[in-house]
Each structure stands twice: as structure tokens, then as C-alpha cells.
Amino acid sequence: MIKKIVIGTVVTLVALLIICLVPLKEVAYTVTVDYQDTETYYEDVPYEETETYYETKPLDYKVIKAYDQVEGTTPLVYVTLQNTDSVSGTFNIHFSIQFSGMTITHGSITLWSKQYSDDKELDLEPGETKTAKHRADYVDIDRNDWSWNYEVSPDTKTVEKQRTVTKYRQVEKQRTVTKQRPETRYEKVTLLEYLIGY
């Protein structure tokens, strides 16, 4: 009788051990795994290009001579210009005349000075030479000290030029990158592990 109880107990223990320790149940679990993928991206790549542009520049000229002379008691001033450019144009000559004098009235002496200006235009073909003239009727060289100067403002022309510029264009490229994704895996666990942890 005792023998049967011992045998029954051993069988029960073995059965319990088999149930609890031998993997019997399959369970799912998730892991994160790395994988390689090809990725498309765009990159700005520099390149050089010849570009046409337009520039405004003054016409070339040469002052042949600038001089003055007196007619009676009136000064006359002259500027002779030559158009040395390849296109025709209008040249503006700005004359500036400064003169001074002295006025005596009622026993007092007053010193004074004045300035006058005048503009003359010369239309010149390429290579052509002309003279601009100003008559200073308001100056009396017997009574006034005087001086003069001038300034030339040439016409302009548009010139086509070229320059090298750096530009950018987008180029499609590819690269290999490491990414991650979840993956479901399966394992067998004992009944005891399943009951405790799952």
C-alpha cells in the first residue's frame, strides 16, 4: 500500500515536472531589427555658366583744347572736343565763369564776386571734332577779375559683356542607410513560465 502511494507520488511529481519544465507552449514576442535600405536624396551641385549681361558706359572722348580770348572787353571761352568712340552721341559742356569786382559808393568800398554757368551741346559722329563756345557778356575785363572752368558730360552707350557665374542644380543621388523595424518571433516556453510571465 505504501509502495503504491510512493509510486503514485513519484508519477505525480514526474508529471508535474514534465508539465512545468518541458517547453510545451509557443508564444510570440517582438524585437527591433536593423536592415539596409536604399534612400533617394537631392544635392545642390555647383556648375559654371557663361552669362551675357549689359553695361552702360560713357562714350570716349578727347579734349583737343580749352582756351579763352577777349573780344573788345568781353571774354569768350572755348572747348574743342573729339568723339573717339565708335558710336555717335551728344556731349554736354558745362561752362562756369567766376568774376569779381569792387564798387565804391558814398565813401565805402564793397568787394563782390559772382558766378554764371552755361551749357552747350555738341552732337558728334565717331571721330568728329567740334568746338563749344560761351560768350561772357556780363564780364568787363577792364573792371572785373575773372576765371573759368568747364566739365564734360558725355553721352552713354550700352555694351554687351560676358562673365562666368556659378549656378547650382539639383542632382538625384542614392545612399544606403540603416533602418529599424519590429519583427515578430516565436519561442516555446514551459507551462509554468507561461502562467507566470505571459
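The following refers to the structure shown.

A few words on the side chain of Thr-74. Along the chain, the position of Thr-74 falls in strand S3 (residues 74-83). For Thr-74, a relative accessible area of 11% gives the class buried. Leaving out residues up to four positions away in the same chain, Thr-74 has contacts with Gln-69, Arg-135, Ala-136, Asp-137 and Val-139.

Further remarks concern the nonpolar core. Counting 16 residues, the largest nonpolar core has Val-79, Leu-81, Ile-93, Phe-95, Ile-97, Leu-122 and Trp-148 as the members making the most contacts within it. Broken down by secondary-structure element, the contributors of at least two residues to this core are S3, strand S4 (89-105), strand S5 (108-124) and strand S7 (145-153). Ranked by the residues each element gives to this core, the list is headed by S4, at 5 residues. The residues touching Leu-81, leaving out its near neighbours within four places in the chain, are Tyr-61, Lys-62, Val-63, Ile-64, Phe-91, Ile-93, Leu-122, Leu-124, Glu-128, Thr-129, Lys-130 and Val-152.

Moving on, we come to the sheet that holds S5. If you walk across this open sheet you meet the 3 strands as S5-S4-S7, and the pairing is antiparallel. Where the open sheet ends on each side, the last strands, each with one partner, are S5 and S7. Within the sheet, the average angular offset between the axes of one strand and its neighbour, ignoring direction, is 15°. Strand direction decides the pairing type here: S4 and S7, joined by 9 bridges, are antiparallel. Each bridged residue has a counterpart across the sheet, and for Ile-97 the counterpart in S7 is Trp-148.

Looking now at the pairing of S4. The sheet contact formed by S4 and S5 spans 17 bridges and is antiparallel. Pairing of Phe-99 across the sheet is with Lys-114, part of S5. In this antiparallel pair of consecutive strands, S4 and S5, the connection spans 2 residues, and His-106 shows a positive phi of 50°.

In this section: the pairing of S3. The buried count for S3 comes to 9 of 10 residues, which makes it a mostly enclosed element. By the bridge criterion, 10 bridges tie strand S2 (residues 61-71) to S3 in an arrangement that is antiparallel. Each bridged residue has a counterpart across the sheet, and for Glu-71 the counterpart in S3 is Thr-74. Counting the residues between successive antiparallel strands, the hairpin from S2 to S3 contains 2 residues, one of them, Gly-72, with a positive phi of roughly 70°.

Taken together, 3 strands build an open sheet; the order of strands is S2-S3-S6 and the sheet is antiparallel. Because the sheet does not close on itself, it has two edges, and the strands there are S2 and strand S6 (129-135). Strand-to-strand twist across the sheet, computed as the mean angle between neighbouring axes with direction ignored, equals 20°. For S3 and S6, the ladder comprises 7 bridges, and the chain directions are antiparallel. Its bridge partner lying in S6, Tyr-78 is registered against Lys-133.

Cut-offs used in this document
- Think of each chain on its own: its residues are numbered from 1, step by step along the sequence as written.
- Whole-chain, interface and lining totals are the exception, using all residues; otherwise, since this is a predicted model, local features are given only for residues with pLDDT of at least 70 and side-chain atom pairs are given and counted only at 80 or more.
- Working from all heavy atoms in the structure, the side-chain values ignore hydrogens and water.
- Secondary structure follows DSSP: runs of H or I at least 4 residues long count as helices, runs of E at least 2 residues long count as strands, and numbering of each begins at the N terminus.
- Residue exposure (1.4 Å probe, protein chains only): buried if accessible area is under 20% of the type maximum, exposed if over 50%, otherwise partly exposed.
- Whether two residues touch is decided by their heavy atoms; if any such pair falls within 4.5 Å, the residues are in contact.
- Residues enter a nonpolar core if they are buried and are Ala, Val, Leu, Ile, Met, Phe, Trp, Tyr or Cys, with the set joined through side-chain atoms within 4.5 Å.
- Pairing between strands is defined by DSSP: at least two bridges between them are needed.
- Every axis in this analysis is a line fitted to C-alpha atoms, fitted for helices over the stretch in contact. Angles between the N-to-C directions lie between 0 and 180 degrees.

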